[in-house]
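Tertiary structure, described
For reference, the chains in residue letters:
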Amino acid sequence: MITQPPPPPLRLVVDLNRCQSYGQCVYAAPTVFRFHGEESLEYDYAPDAGVRREVARAAAACPVQAITLGGATEPAPTASGDNR
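Just so we're clear, the structure is a prediction, and the values are computed from it rather than from any experiment.

**Let's talk about unusual backbone geometry**
At Ser 21, a residue that is not glycine, the phi angle is positive and equals roughly 60°. In this fold, Ser 21 is placed in the loop between strand E1 (10-14) and helix H1 (24-28). Ser 21 gets classed as partly exposed once you look at its relative accessible area, which sits at 22%.

**Overview of the pattern of salt bridges**
For the structure on display, the rule yields one salt bridge. Linking Arg 34 and Glu 42 is a salt bridge whose minimum nitrogen-to-oxygen distance equals 3.7 Å. Classification of Glu 42 as partly exposed rests on a relative accessible area of 32%.

**Some details on helix H2 (residues 52-61)**
Residue pairs three or four apart in sequence face the same way in an α-helix, which turns once every 3.6 residues. Residues of H2 that are buried include every one of Val 55, Ala 58 and Ala 59, and no others. Viewed along the axis of H2, the buried residues span an arc of 100°, placing them on a single side of the element. Away from its buried face, by an angle of more than 90 degrees, H2 presents the exposed residues Arg 53 and Ala 60.

Quick notes on the rules
- Residue numbers run consecutively from 1 along every chain, following the written order of its sequence.
- The predicted nature of this model means local features are confined to residues of pLDDT at least 70 and side-chain atom pairs, given and counted, to a pLDDT of 80 or more, with totals for whole chains, interfaces and linings taken over all residues.
- For side-chain calculations, the full set of non-hydrogen atoms in the structure is used, while hydrogens and water are omitted.
- Each helix is a run of DSSP H or I of at least 4 residues and each strand a run of E of at least 2, with the numbering of both proceeding from the N terminus.
- Buried means the residue's accessible area, taken with a 1.4 Å probe over protein chains only, is under 20% of the maximum for its type, while exposed means over 50%, and partly exposed covers the values in between.
- What makes a salt bridge here is a side-chain nitrogen of Lys or Arg within 4 Å of a carboxyl oxygen of Asp or Glu, nothing more.
- The arc in question is formed by the directions pointing from the helix axis toward the C-beta atoms.

Geometry only, nothing functional implied.
Right under this line is the structure:
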């Protein structure tokens, strides 16, 4: 039996200067994107690969194309910012 390798981890980048807070990403992938307050977008920059389809839909739905989706090329930083 041939097994498929797991998909590479996801990495998201949102150009917050381009983002106009339309919220289409929040509707498409609410576990990854959310608003903090009225217009400040927060997002999980390294979401679980299980939400890949929703994240791809969110990126496609962005009217200003502010979301870039790619594979991880380096480990995600730790919460303390210490990458040892």
